[in-house]
Amino acid sequence: MPEPGSPQLGSCLASGCLPGEQILAWAPGQRKGQGLELPGTLICTNFRVTFQPCGWQRDQDTPLSTEYDFALINIGRLEAVSGVSKVQLLRPGSQLKFIPEEILIHGRDFRLLRVGFEAGGLAPQAFQVAMAIVQARARGGEVQQHRGVTLSRAGQVSGSRKPPVPLLETLEDWETELKRQGAKGWRVSTVNERFDLATSLSGYFWVPNRILDSEVRRAFAHFHQGRGPRLSWHHPGGSDLLRCGGFYIASDPDREDVSAVESMLQAGHADVVLVDTTDDMPGLADIQLAHLKLRALCLPDSSVAEDKWLSALEGTRWLDYVRRRSSRCLEAVPCQPITLLLMCPSRSCLRKASDVSVLVTSRVRSVVLQERGDRDLNSLLSSLVQLLSAPEARTLFGFQSLVQREWVAAGHPFPTRLGETGASEEAPVFPLFLDCAWQLLQQFPAEFEFSEFFLLALHDSVRVPDTLTFLKNTPWERGKKSGQFNSYTRVYTPEYSQPPVGSSDQLHLSVWDWDLRYSKAQISQFLNPGYHAEHGPGAWLPRQQVRRLHSGSLDLAGLTRLTR
């Protein structure tokens, strides 16, 4: 087997190897598709599968951002083909039964890499590279230990490096964000700082000022996985958007616990609305089935005729779940500052978000999103409500902060939902959110600072394990992985300095460190040239004023259901 720097593989491949990356096998071949055949070399490493066209030079500024690279965890399906009738699906641990004439790599991000091999003396190499891919996928755990392509460039950065987006891993980050939102009736709780209350929650979160940490601990114990009521977002008009998990049915809270839960849900308001996130929303199984149909339809080798493509797209029901149409009349749903036009959908994410947005903006109240696990549809709905209601969330910085807070810090199980730990719990909830954001961007291009290129880059980054942002299911797992210790360690030190010598030999960065993975020209495309500054963060309430109405008493009907 040639070494990475061998003339057979070319100097550009050697210079493109990442820290810790090793070439396992390679074979000359031709990339096929759309009537074109591109000669080059198919290469399998312990991190990715890449096709190297003849004479192509890899851009060192973007060593992973090419159409030729497939991270191992991004491979959804691997097929070997020989002749017309021989097709073998190669799962991790499979044994190839023939010499392949073609290899088809189906990416989870809708890409397809089809490489053909010439018969004759190269047959053993084709077999070896196919088996190398199978074996590398079987050793998926090694991929999780990859330190990140960003490290190869991070070492070139002199001095300290501040996170481009607050990672919400420190008390200071949470206090700063709380102050920015102007939520004076709230404070940062440190009760979960050691992750002994809930490992799926962040170490810090927001609770009402008058609630003690001892009350928080007792109240949260009655909620699924310890995910009790806490603030997601404070509207400048006075309303609060909260989220929580389901209440344990078998739980038997005493009077003090019930009082603490009531106070948390009420959050100082006289009006409280409990929203069951799962009502009129697609289930995880529905989302997964629709995504599988959509992916099969969008792959280059789809057999659907062009004149039937739109009807086939409708049949996937993916757009149904984004914004489902019905025969009912068109209506305007007021959202601050967007007026969203929808066709009265049922089981629609955007419709549900618009309804909740009206609840938040039409009256000063506490609106509580409740989902049993509090890690999927709550993240989706809370994020969409803020996109509709908060101009700050529609800026590039604000959107990244939103994802970090409502998805990453909130413990959305990225690897599980993206199928990296098995297909049984796979459901691409985050890609569904990105599609919803894209739909809003298309309808209101002047109100979004970021572009669809940014959304695509974020979508692709989920499938590239070059940072820890999307590699773990919980903040506790992510923090533990970021260091050499059993206890939680921060990705960045409070002073944003480099880690001291001896504590860690690597610097772990986040997905928001775009400049370490993308070129300046690519990053410039993240901004939407059609964005109007008057729709920015300072443009609160331009079309209607929030009515500061207060109902007479707290409606405890929903709370009664919780505490039974």
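Reading the values: rules and limits
Residues numbered from 1 in each chain as written. Predicted model: local features only at pLDDT ≥ 70, side-chain atom pairs only at ≥ 80, totals over all residues. Heavy atoms only, no water. Core = buried A, V, L, I, M, F, W, Y, C linked by side-chain atoms within 4.5 Å. Buried < 20%, exposed > 50% of the residue type's maximum accessible area, 1.4 Å probe, protein only. Helix = DSSP H or I, 4+ residues; strand = E, 2+ residues; numbered from the N terminus. Contact = heavy atoms within 4.5 Å. Pairing = 2+ DSSP bridges. Axes fitted to C-alpha atoms, helices over the stretch in contact; angles between N-to-C directions. Salt bridge = Lys/Arg side-chain N within 4 Å of Asp/Glu carboxyl O. Phe/Tyr/Trp six-rings, centres within 6.5 Å; stacked < 30°, edge-to-face > 60°. Parallel < 35°, antiparallel > 145°, perpendicular 65-115°, else oblique. Left-handed = near helix turned anticlockwise from the far one by under 90°. Nonpolar A, V, L, I, M, F, W, Y, C, P; charged D, E, K, R; others polar.

**Student:** Explain the nonpolar core residue by residue, including any values.
**Tutor:** The biggest cluster of nonpolar side chains holds 63 residues, and the ones touching the most others in it are Leu380, Leu387, Phe399, Phe433 and Leu458. At 9 residues, helix α15 (residues 429–443) tops the list of elements feeding residues into this core. Beyond its immediate stretch of four places on either side in the chain, Phe433 contacts Leu380, Ser383, Leu384, Leu387, Phe399, Leu402, Val403 and Trp407.

**Student:** I'd like a description of the sheet that holds strand β12 (residues 240–244), backed by residues and values.
**Tutor:** With mixed pairing, 4 strands are arranged side by side in an open sheet as β11-β12-β16-β13. Pairing within the sheet leaves two strands with one partner each, and these edge strands are β11 (230–234) and β13 (272–276). Averaged over all pairs of adjacent strands, the angle between their axes in this sheet comes to 25°, without regard to strand direction. Where β11 lies against β12, 4 bridges are found, and the strand directions are antiparallel. Bridge pairing in β12 places Arg230 opposite Arg243.

**Student:** Give me the lowdown on the pattern of salt bridges, citing residues and values where you can.
**Tutor:** Applying the stated criterion to the full structure yields 25 salt bridges. Here Glu79 ties to Arg77 by a salt bridge, and the two come within 2.8 Å at their closest N and O atoms. Glu177 is the partner of Arg180 in a salt bridge, and the nearest nitrogen-oxygen pair spans 2.6 Å. Residue Arg180 and its partner Glu177 are located together in helix α5 (residues 171–181), separated by 3 residues, close to a single helical turn. Among the residues examined, Arg180 registers a relative accessible area of 43% and is labelled partly exposed. The class of Glu177 is buried, set by a relative accessible area of 11%.

**Student:** Explain the packing of aromatic side chains to me, using residue names and the numbers behind them.
**Tutor:** As enumerated under the stated definition, the model contains 21 aromatic pairs in all. Residues Phe399 and Phe454 carry aromatic rings whose centres are separated by 6.0 Å and whose planes lie at 80° to one another, so their mutual orientation is edge-to-face. A residue pair is termed long-range when its members are at least 10 positions apart, and Phe399 in helix α13 (residues 396–408) and Phe454 in helix α16 (residues 452–461) qualify at 55 residues. Comparing Phe399 with Phe454, the two get one shared label, buried. Aromatic pair Tyr518 and Phe526: ring centres 5.9 Å apart, planes at 65°, arrangement edge-to-face. Phe526 shares its class with Tyr518; the two are buried.

**Student:** Go over the sheet that holds strand β4 (residues 69–71) with me, naming the residues and quoting the values.
**Tutor:** The strand order β4-β3-β2-β1-β8-β7-β5-β6 describes an open sheet built from 8 strands, whose pairing is antiparallel. Only two strands of the sheet have a single partner each, and these edge strands are β4 and β6 (86–89). Strand-to-strand twist across the sheet, computed as the mean angle between neighbouring axes with direction ignored, equals 30°. For strand β3 (residues 48–53) and β4, the ladder comprises 3 bridges, and the chain directions are antiparallel. Its bridge partner being in β4, Arg48 is matched across the sheet by Ala71. Set on the sheet, helix α2 (residues 123–138) makes contact with β1 (23–33), β2 (36–45), β3, β5 (75–82) and β7 (102–107); between it and β1 the angle comes to about 110°.

**Student:** Give me the lowdown on the packing of helix α8 (residues 284–298) against helix α9 (residues 309–316), citing residues and values where you can.
**Tutor:** The N-to-C vectors of α8 and α9 enclose an angle of 160°; their axes lie 8 Å apart at closest approach. Considering the angle they form, α8 stands roughly antiparallel to α9. For the crossing formed where α8 meets α9, the hand is left-handed. Facing α8, whose interface residues are Ala290, Lys293, Leu294, Leu297 and Cys298, α9 presents Trp309, Ala312, Leu313, Gly315 and Thr316. Taken together, the residues that form the contact of α8 with α9 break down as 7 nonpolar, 2 polar and 1 charged.

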